[in-house]
Amino acid sequence: MTKSLKEIVLSGSHLLAIENGGNIRTFDRRGIASLYELLNQEPSLLNGATVVDKVVGKGAAALMIRGGIKELYANVISEAALDLFRDSDVEVTYGEAVPLIMNRARTGQCPVETLCAECKSAEECLPRIKEFIIRTIKTTK
């Protein structure tokens, strides 16, 4: 992993940085929206990619695994996400592991992490994530 890729996220410039084939792309949407969109609209960017993400919960882990990334650095990662990655071929390093990812209001657990809590694989998480994304889009219109 290149030092500059990590610096893009750790400097606060962006929330997510992906390098694939020498090209670097950055994203600033919070949550799993960017990863979900990439997996469904531009899967080749994830396949074999190196990813740096500010916060990785179980839902983001599932999307990255399904997308076929090869390497991840997470500034903060949940224990549930680490468990999911253990059964994958993704090389994972991180700054801090936490018991769970909090929601944006910091009043409880991240809703996607809650939805995926009982899932044993990335594949099991995907329908729940899709439903969450669809529900979120409907409530923001």
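So, a few notes on the structure that sits alongside this text. (Residues numbered from 1 in each chain as written. Predicted model: local features only at pLDDT ≥ 70, side-chain atom pairs only at ≥ 80, totals over all residues. Heavy atoms only, no water.)

### Focus: unusual backbone geometry
No. 1: Phi angles above zero are rare outside glycine, and Arg-106 is one such case at about 60°.
No. 2: As for its placement among the helices and strands, Arg-106 is situated in the loop between β5 (91-98) and α6 (111-115).
No. 3: The exposed category is assigned to Arg-106, whose relative accessible area is 62%. (Helix = DSSP H or I, 4+ residues; strand = E, 2+ residues; numbered from the N terminus. Buried < 20%, exposed > 50% of the residue type's maximum accessible area, 1.4 Å probe, protein only.)

### Observations regarding the nonpolar core
No. 1: Counting 40 residues, the largest nonpolar core has Ile-18, Val-56, Met-64, Leu-72 and Ile-129 as the members making the most contacts within it.
No. 2: Mapped onto this core, the elements with two or more residues apiece are β1 (16-20), α2 (33-41), α3 (43-46), β3 (50-56), α4 (58-67), β4 (71-78), α5 (79-86) and α7 (122-140).
No. 3: Per element, the largest residue contribution to this core is six residues, and it comes from α7.
No. 4: With residues near it in sequence (within four places) discarded, Ile-18 still touches Leu-5, Asn-23, Ile-24, Arg-25, Phe-27, Leu-38, Leu-45, Leu-46, Ala-49, Thr-50 and Val-51.
No. 5: Judged by nonpolar contacts, the second largest core, of six residues, contains Leu-5, Ile-8, Val-9 and Ala-17. (Core = buried A, V, L, I, M, F, W, Y, C linked by side-chain atoms within 4.5 Å. Contact = heavy atoms within 4.5 Å.)

### Some words on the layout of surface pockets
No. 1: By volume, the largest pocket is sized at about 1,000 Å³.
No. 2: Lining the largest pocket are 36 residues, with Arg-30, Gly-31, Ile-32, Arg-104 and Cys-110 positioned closest to its centre.
No. 3: Elements with a contribution of two residues or more to the lining of the largest pocket: α2, β3, α4, α6 and α7.
No. 4: If you tally residues by element for the lining of the largest pocket, the top one is α2, at seven residues.
No. 5: Within the lining of the largest pocket, the residues separate by chemical class into 18 nonpolar, nine polar and nine charged. (1 Å grid on protein atoms, 1.4 Å probe; cavity = no way out; pocket = protein on both sides within 12 Å on 5 of 7 lines; lining within 4 Å. Points joined across faces, edges and corners; volume = space filled by probe spheres on them. Nonpolar A, V, L, I, M, F, W, Y, C, P; charged D, E, K, R; others polar.)

### Thoughts on the packing of α4 against α5
No. 1: Contact geometry of α4 with α5 gives a least axis separation of 8 Å together with a crossing angle of 25°. Here α4 lies roughly parallel to α5, going by the angle between them. As α4 runs across α5, the sense of the crossing is right-handed. Residues Lys-58, Ala-61, Ala-62, Met-64 and Ile-65 of α4 lie in contact with α5, whose contacting residues are Ala-80, Ala-81, Leu-84 and Phe-85.
No. 2: Taken together, the residues of the contact of α4 with α5 break down into eight nonpolar, no polar and one charged. (Axes fitted to C-alpha atoms, helices over the stretch in contact; angles between N-to-C directions. Parallel < 35°, antiparallel > 145°, perpendicular 65-115°, else oblique. Left-handed = near helix turned anticlockwise from the far one by under 90°.)

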